[in-house]
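Structure at a glance
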Amino acid sequence: MADATYEELILDILYVDGRISKAKLIGILAGLIVFIANMIYTIPYSLRAGPLLFLITMSICFFQIVLYYCICRCGGYLIRRFSN
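Residues numbered from 1 in each chain as written. Predicted model: local features only at pLDDT ≥ 70, side-chain atom pairs only at ≥ 80, totals over all residues. Heavy atoms only, no water.

**Describing the overall build of the protein**
For the record, the criterion: Secondary structure is summarised from DSSP: a helix means a run of H or I of at least four residues, a strand means a run of E of at least two, and numbering begins at the N terminus for each. The globule rule is 2.2 Å times the number of residues to the power 0.38, and the radius of gyration it is compared with is taken over C-alpha atoms. Partly exposed describes any residue whose relative accessible area lies between the buried limit of under 20% and the exposed limit of over 50%, with all areas from a 1.4 Å probe on protein chains only and scaled to the type maximum. We call two residues in contact whenever any of their non-hydrogen atoms come within 4.5 Å of each other.
Summing up its helical and strand segments, the protein has 4 helices and 2 strands in all. Secondary structure elements of the protein occur, N-terminal to C-terminal, as α-β-β-α-α-α. Here the protein has a C-alpha radius of gyration of 16 Å; the compact-globule value for 84 residues is 12 Å, and the former is much larger. Evaluated residue by residue, the protein yields a buried proportion of 18% over its 84 residues. Considering only contacts within the protein whose residues lie at least 6 apart along the sequence, 49% involve residues at least 24 apart.

Printed below as a string of structure tokens:
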């Protein structure tokens, strides 16, 4: 995977076996909702508090987005694997 282009990496985020994965799409939407909620509720306050708190808040936001994406992706894998 180290030799992959940006296009291949972006397609890997959403596609499985040449089709759009519903679990990955749900994970991306959940991450987007988390990002929007953080943009509304936590990021403005952290901007007023200072740059260090802002960087910590953005790191936590990024971790939450990746966590929800991975949970949805693993759930989709488990459903696909054990539903047969």
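Continuing now.
**Points about a nonpolar patch on the surface**
What counts here: Here the term patch refers to residues with relative accessible area over 30% and no salt bridge, with like charges joined within 9 Å and nonpolar side chains (Val, Leu, Ile, Met, Phe, Trp, Tyr) within 5 Å. Computed with the Shrake-Rupley method and a 1.4 Å probe, the accessible areas treat only the protein chains shown as cover for residues. We count a salt bridge whenever a side-chain nitrogen from Lys or Arg sits within 4 Å of a carboxyl oxygen from Asp or Glu.
A contiguous nonpolar patch, built from Leu 11, Tyr 15, Ile 20, Leu 25, Leu 29, Leu 32, Ile 36, Met 39, Ile 40 and Tyr 41 and spanning about 940 Å² of accessible area, is present on the exposed surface. Of all the elements, helix H2 (residues 22-41) adds the most residues to the nonpolar patch, at 7 residues. Along the chain, Ile 20 turns up in strand S2 (residues 19-20).

**A word on the side chain of Ser 21**
Tracing the sequence through the fold places Ser 21 in the loop between S2 and H2. Dropping the residues within four chain positions of it, Ser 21 is found in contact with Leu 14, Tyr 15 and Val 16.

**A few points about the packing of helix H1 (residues 6-14) against H2**
Packed helices, taken two at a time, are described by their axes: the angle between them and the distance between them. This is how it is decided: Axis geometry follows a simple rule: fit a line to the C-alpha atoms, using only the stretch in contact for helices, then measure angles between N-to-C directions, giving values from 0 to 180 degrees. Each angle gets one of four labels, with under 35 degrees taken as roughly parallel, over 145 as roughly antiparallel, 65 to 115 as roughly perpendicular, and the rest as oblique. Gly is placed with the polar residues, together with every amino acid not listed as nonpolar (Ala, Val, Leu, Ile, Met, Phe, Trp, Tyr, Cys and Pro) or charged (Asp, Glu, Lys and Arg).
As a packed pair, H1 and H2 sit with axes 7 Å apart at the nearest point and diverge in direction by 95°. Taken as axis vectors, H1 and H2 run roughly perpendicular relative to one another. When H1 is examined against H2, the residues Asp 12, Ile 13 and Leu 14 are found in contact with a partner set consisting of Lys 24, Leu 25 and Ile 28. Residue composition of the contact of H1 with H2, by class: 4 nonpolar, no polar and 2 charged.

It is worth stressing that arrangement in space is one thing and function is another; only the former is reported here.
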